[in-house]
2 protein chains.
Amino acid sequence: MLKISELAAKTGMSAHTLRFYEKNGLVSASDRSEAGYRYYNDADVRRAEFVKTARNIGFSLEDIGQLLSIRVDKKSHSCQDVTDITRHKLDEVNAKISELQSMQSTLQILLDSCCGGPEKATQCSIMDALEEGEFRAAEEN
Amino acid sequence: MLKISELAAKTGMSAHTLRFYEKNGLVSASDRSEAGYRYYNDADVRRAEFVKTARNIGFSLEDIGQLLSIRVDKKSHSCQDVTDITRHKLDEVNAKISELQSMQSTLQILLDSCCGGPEKATQCSIMDALEEGEFRAAEEN
DNA sequence: TATAACCTTAGAGTAAGGTCTAAGGTCAAT
DNA sequence: ATTGACCTTAGACCTTACTCTAAGGTTATA
């Protein structure tokens, strides 16, 4: 049975974060001492580590909540339920990458166009390009 | 002289957003009617469009503030001042892309490992992988 | 017994970039 | 003169994922 600071040390998440996750239903302590101290058993620790792993991969807390509800009752869920969440996340990540690559290419073009030296910015080609417009938005979500 | 809704229509930003940007020093109306209505002249419009362009590219509002302060006094700034901001933004974008590509590859591996079918999740290889851990964080900023 | 180091809670604050509301004033047309 | 569309402000609210604070209770050690 671990106290919150021990679970924090073990998982690399702060005690604050663990309490925050508890408030959001992601982790919990099966037991409490008489004084109200949280005590985490092995199953609690595994659940907390599952959360940490999912978070490391990049799942949102909401995604993790869904994964956890599958985890506690695997028999009632299919592999498709799991891949749906995973694929949805992958789609989001791919969309964000595209958006960033568009920014990347624009920024690179701007940098390539400018001398970047100590010359006065009165003739700076980056400033001129910004003045001109002509850049479409990198399409938010 | 445009009223705020006219500038909004012209730039594709909402009147709310224009007021918000004004509060943050990015745009402003050179004139006000007696009743306090904002009136934007040609220079104001060009500045607003500059902001829109920079935002489309992906610059933060703080970056845009810096670009604007160069813009209003180009003689006191060098091309290097401009490329510094641009390169810094490019570095950020590149870092974020790397992080997302790491997530992307993990998610793809997970998807490839799972049948994704109607089988019960009791043997789901994605769930197993999350249970195992072994994924390093995609290193936030 | 006293001190440090831990724990508890509710709730506020942070970043970033908006978005919206309330309560009210203004303007053009009918 | 009265609609309806527009404008003003301060300030609250949104998202996501924490992070911290205040005020107080507990536990272990010297």
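Above this text is the structure in question.
Here is a short report on the structure shown in this document. (Residues numbered from 1 in each chain as written. Chains lettered and ligands numbered in written order. Predicted model: local features only at pLDDT ≥ 70, side-chain atom pairs only at ≥ 80, totals over all residues. Heavy atoms only, no water.)

### Let's talk about the protein's contact with DNA strand D
Counted only if it meets this: A single heavy atom is enough: if one lies within 4 Å of a molecule or strand, its residue is considered near that molecule or strand. N or O atoms within 3.5 Å of each other form a polar contact, as long as, within protein, one can give a hydrogen and the other can take it, and as long as residues adjacent in sequence are counted only when both atoms are side-chain atoms. Put simply, DSSP marks the helices as runs of H or I at least four residues long and the strands as runs of E at least two long, and each gets a number from the N terminus on. Here the term charged refers only to Asp, Glu, Lys and Arg, the term nonpolar to Ala, Val, Leu, Ile, Met, Phe, Trp, Tyr, Cys and Pro, and the term polar to all other amino acids, Gly among them.
Near DNA strand D, the surroundings consist of 17 residues, among which Phe 20, Tyr 21 and Tyr 37 of chain A together with Ser 5 and Arg 38 of chain B are the closest. A breakdown of the atoms of DNA strand D within 4 Å of the protein gives sugar and phosphate a share of 70%. Backbone polar atom of Leu 61 of chain A to a phosphate oxygen of DNA strand D: 3.4 Å apart, as the coordinates give it. Within the side chain of Tyr 37 of chain B, a nitrogen or oxygen atom sits 3.3 Å from a base oxygen of DNA strand D. Taken together, the elements giving at least two residues each to the surface near DNA strand D come down to α2 (15-23) of chain A together with α1 (4-11) of chain B. Top element by residues in the surface near DNA strand D is α2 of chain A. It accounts for four residues. Here the residues of the surface near DNA strand D sort into seven nonpolar, five polar and five charged.

### Some words on the interface of chain B and chain A
Filter applied, for reference: Only heavy atoms matter for contacts: two residues are in contact if any of them lie within 4.5 Å across the pair. The term buried area refers to how much accessible surface (probe radius 1.4 Å) is lost by two components on association, counted for both of them together. Should a side-chain nitrogen of Lys or Arg be within 4 Å of a carboxyl oxygen of Asp or Glu, the pair is scored as a salt bridge.
On the chain A side, the residues contacting the 56 residues of chain B number 56 residues. Buried surface at the junction of chain B and chain A, both sides included, amounts to about 5000 Å², of which 75% is carbon and sulfur. The interface formed by chain B and chain A contains two salt bridges. One salt bridge connects Glu 131 of chain B with Arg 71 of chain A, and the closest N-O pair in it is separated by 2.8 Å. The interface formed by chain B and chain A holds 14 residue pairs in polar contact (both at pLDDT 80 or more) in total. With 21 residues, the top contributor of residues to the side of chain B that touches chain A is helix α5 (residues 79-113) of chain B. Here the residues of the side of chain B that touches chain A sort into 27 nonpolar, 17 polar and twelve charged.

### Some thoughts on the packing of helix α4 (residues 61-71) of chain A against helix α6 (residues 125-132) of chain B
The following threshold applies: With axes taken as lines fitted to C-alpha atoms, and helix axes fitted only over the stretch in contact, angles between N-to-C directions fall between 0 and 180 degrees. Any angle from 65 to 115 degrees is called roughly perpendicular, while one under 35 is roughly parallel, one over 145 is roughly antiparallel, and all others are oblique.
One can describe the packing of α4 of chain A onto α6 of chain B by two numbers: an axis separation of 11 Å at closest approach and a directional angle of 105°. Overall, the two elements α4 of chain A and α6 of chain B adopt an arrangement that is roughly perpendicular. Along the contact surface, α4 of chain A presents Leu 67, Ile 70 and Arg 71 of chain A, while α6 of chain B presents Met 127, Leu 130 and Glu 131 of chain B. When the residues that make up the contact of α4 of chain A with α6 of chain B are grouped by side-chain class, the tally is four nonpolar, no polar and two charged.

### A few points about the state of the cysteines
So the rule is basically this: Criterion for a disulfide: a pair of cysteine sulfur atoms within 2.5 Å.
Counted by the stated rule, this structure contains zero disulfides over all chains. Distance from the sulfur of Cys 115 of chain A, which forms no disulfide, to the nearest cysteine sulfur (Cys 79 of chain B) is 3.6 Å.

### With respect to the packing of aromatic side chains
All names here are of chain A. What counts, and what does not: A pair of aromatic rings is counted whenever rings of Phe, Tyr or Trp (Trp by its six-membered ring) have centres within 6.5 Å, and the orientation is called stacked for planes under 30 degrees apart, edge-to-face for over 60 and tilted otherwise. Think of it in three bands: residues with accessible area under 20% of the maximum for their type are buried, residues over 50% are exposed, and the middle band is partly exposed, with areas taken using a 1.4 Å probe on protein chains only. Sitting over a ring, as applied to charges here, requires NZ of Lys or CZ of Arg to be within 6 Å of the ring centre and within 35 degrees of the ring normal.
If you walk through the whole model with that rule in mind, you get two aromatic pairs over all chains. Ring plane angle 45° and centroid distance 5.9 Å describe the contact between Phe 20 and Tyr 21, whose orientation is recorded as tilted. Residue Phe 20 is classed as partly exposed on the basis of its relative accessible area of 39%. Arg 71 extends its terminal NZ or CZ atom over the ring of Phe 50, reaching a point 5.1 Å from the ring centre.

### Some words on the side chain of Arg 71 of chain B
Positionally, Arg 71 of chain B belongs in helix α4 (residues 61-71). The contacts of Arg 71 of chain B, once residues within four sequence positions are left out, are Met 127 and Glu 131 of chain A together with Arg 46, Arg 47 and Phe 50 of chain B.

### Thoughts on the relation of the copies chain B and chain A
Counted only if it meets this: Copy-to-copy alignment: least squares on C-alpha atoms, limited to residues at pLDDT 70 or above in both.
Laying chain B over chain A is done by rotating through 180° and shifting 0.0 Å along the axis; what remains is an RMSD of 0.1 Å. Such values leave the two copies arranged in the relation of a two-fold axis. When each C-alpha of chain B is compared by its distance to the rotation axis, Ile 97 of chain B comes out closest, at 3.0 Å. A share of 100% of interface residues in chain B that are also interface residues in chain A marks the association as one of identical surfaces.

### So, the side chain of Thr 53 of chain B
Mapping Thr 53 of chain B onto the fold places it in helix α3 (residues 42-57). A relative accessible area of 7% places Thr 53 of chain B in the buried class. Not counting residues up to four positions away in its chain, the partners in contact with Thr 53 of chain B are Leu 130, Gly 133 and Phe 135 of chain A.

### Looking at the protein's contact with DNA strand C
Close to DNA strand C lie 17 residues; Ser 5, Arg 19 and Arg 38 of chain A together with Tyr 21 and Tyr 37 of chain B are nearest. For DNA strand C, the fraction of atoms within 4 Å of the protein that belong to sugar or phosphate moieties is 70%. Within the side chain of Arg 55 of chain B, an N or O atom sits 3.0 Å from a phosphate oxygen of DNA strand C. For the surface near DNA strand C, the secondary structure elements donating two or more residues are α1 (4-11) of chain A together with α2 (15-23) of chain B. Here the surface near DNA strand C gets four residues from one element, more than from any other, and that element is α2 of chain B. Its residues placed into classes, the surface near DNA strand C shows seven nonpolar, five polar and five charged.

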